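Observations on chain architecture
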Amino acid sequence: MSVRYSFVLAFVAACGSGSTSSSPTPPPAPPPPPPAAGPVVNVSMTDNGGGAPYVFSPAPLTISVGTSVRWTNNGTAPHTSTSDASPPTWNSGVVNPAGTTSCPSPPDPYYPCTPGSTPPGTYTRTFTAAGTYRYHCANHSLQGMTGTITVNP
C-alpha cells in the first residue's frame, strides 16, 4: 500500500506543480496625467474711470517660459492686449469691462469681441519661448497703455 500511496502523491504533485492557473490579465495602466499647468501672472487693464492714465499693471513684467499671463479688464472702457510684432504674435480682441453683456454692432473683424459681463473680461496667453515682447492696447496706445513682458528660459 505504501507504493500505491507514494505513486498517488507523486502523481498529484506532478500534476499540481506543472499546471498554470488562468488568472485574468490586469487592465493596462491608465495614461499619465497631463503636465501641471504653469504659473499664472495677472495683469490689470485699467483706465481710471475713463480718464488718463490708461495702464497695464504691472507694465514691465518678467516671467519664466511656461508662465501664463492673464489680462483682466478692471476699467470702464474696452481694452485689448496686442503684441507690437508685425504681424501680431497675439491679439486678445476686445476685452470688455465688467457689466458688458454684448459686443459692438457691427462686429469689428480685426478685434473679435469677448463680452465681459460679470466678472470682467479676461484674456490669457502662455509664453513658450524666451524673449522680450512689447505690447499695447489697440484702443489706448496713444494714451500710453503699453507694456513689456520679458520671458526668461
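Nothing here was measured: the structure is a model prediction, and the numbers come from that model.

Details of the overall build of the protein
Looking only at helices and strands, one finds one helix and 10 strands in the protein. Ordered by position from the N terminus, the helices and strands of the protein form the series α-β-β-β-β-β-β-β-β-β-β. Long-range contacts, defined as pairs at least 24 residues apart, comprise 58% of the intrachain contacts of the protein with a sequence gap of at least 6. Of the roughly 9500 Å² of accessible surface on the protein, 62% is carried by carbon and sulfur atoms.

Some details on the nonpolar core
Generally speaking, a soluble globular protein has its nonpolar side chains buried in company with each other. Phe56, Val69, Trp71, Phe127 and Ile149 are the most contacted members of the largest nonpolar core, which totals 18 residues. Those elements giving two or more residues to this core turn out to be strand E1 (40-46), strand E3 (60-64), strand E4 (68-73), strand E9 (131-136) and strand E10 (146-152). Trp71 has contacts with Val43, Met45, Phe56, Ser81, Trp90, Gly121, Thr122, Tyr123, Arg125, Phe127, Tyr135 and Ile149, leaving out every residue within four places of it along the chain.

Here we look at the sheet that holds E1
The four strands lie next to each other as E2-E1-E4-E8, forming an open sheet whose pairing is mixed. Only two strands of the sheet have a single neighbouring strand rather than two, namely strand E2 (55-57) and strand E8 (122-126). Shown here is a sheet whose adjacent strand axes are inclined to one another by a mean of 20°, direction ignored. Here E1 runs beside E4; their pairing, made up of six bridges, is parallel. Within E4, the residue paired with Val41 across the bridge is Val69.

As for the packing of aromatic side chains
Applying the stated criterion across every chain yields a total of eight aromatic pairs. Taking the centre distance of 6.3 Å and the plane angle of 55° together, the rings of Trp90 and Tyr133 count as tilted. Pair noted here: Trp90 is in the loop between strand E5 (82-83) and strand E6 (94-95) and Tyr133 is in strand E9, with a separation of 43 residues, a long-range link. For the pair Trp90 and Tyr133, a shared accessibility class is recorded, and that class is buried. The side chain of Arg125 reaches across the aromatic face of Phe127, ending 4.7 Å from its centre.

With respect to the sheet that holds E9
Read across the sheet, four strands follow the order E3-E10-E9-E5 without closing on themselves; strand pairing throughout is mixed. A strand with exactly one partner marks an edge of an open sheet, and here the two such strands are E3 and E5. With five bridges joining them, E3 and E10 adopt parallel strand pairing. Within E10, the position partnered with Ile63 by the bridge is Val151.

Looking at the environment of Pro39
Turning to its location among the elements, Pro39 is positioned in the loop between helix H1 (2-18) and E1. Taking the C-alpha atoms as reference points, Pro39 and Val69, separated by 30 residues in sequence, lie 8.6 Å from one another.

Some points on the confidence of the model for the protein
Detail in the predicted coordinates should be disregarded across regions flagged by low pLDDT. Averaged over all residues, the pLDDT of the protein is 80; the fraction at 70 or higher stands at 70%. Within the model, pLDDT remains below 50 along residues 7-12, and this stretch shows zero contacts once partners closer than five positions in the same chain are excluded.

Let's talk about the pairing of E9
Of the strand pairs in this sheet, E5 and E9 are connected by two bridges, and their pairing is antiparallel. Bridge assignment links Ser83 to a residue of E9, and that residue is Tyr135. Relative to E10, E9 runs antiparallel, the two sharing six bridges. Among the inter-strand pairings, His136 is bridged to a residue of E10, identified as Thr146.

Here is what the cut-offs are and how they apply
- Residues numbered from 1 in each chain as written.
- Predicted model: local features only at pLDDT ≥ 70, side-chain atom pairs only at ≥ 80, totals over all residues.
- Heavy atoms only, no water.
- Helix = DSSP H or I, 4+ residues; strand = E, 2+ residues; numbered from the N terminus.
- Contact = heavy atoms within 4.5 Å.
- Areas by Shrake-Rupley, 256 points an atom, 1.4 Å probe, with all protein chains shown as cover.
- Core = buried A, V, L, I, M, F, W, Y, C linked by side-chain atoms within 4.5 Å.
- Buried < 20%, exposed > 50% of the residue type's maximum accessible area, 1.4 Å probe, protein only.
- Pairing = 2+ DSSP bridges.
- Axes fitted to C-alpha atoms, helices over the stretch in contact; angles between N-to-C directions.
- Phe/Tyr/Trp six-rings, centres within 6.5 Å; stacked < 30°, edge-to-face > 60°.
- Lys NZ or Arg CZ within 6 Å of the ring centre and 35° of its normal.
- pLDDT = per-residue confidence, 0-100.

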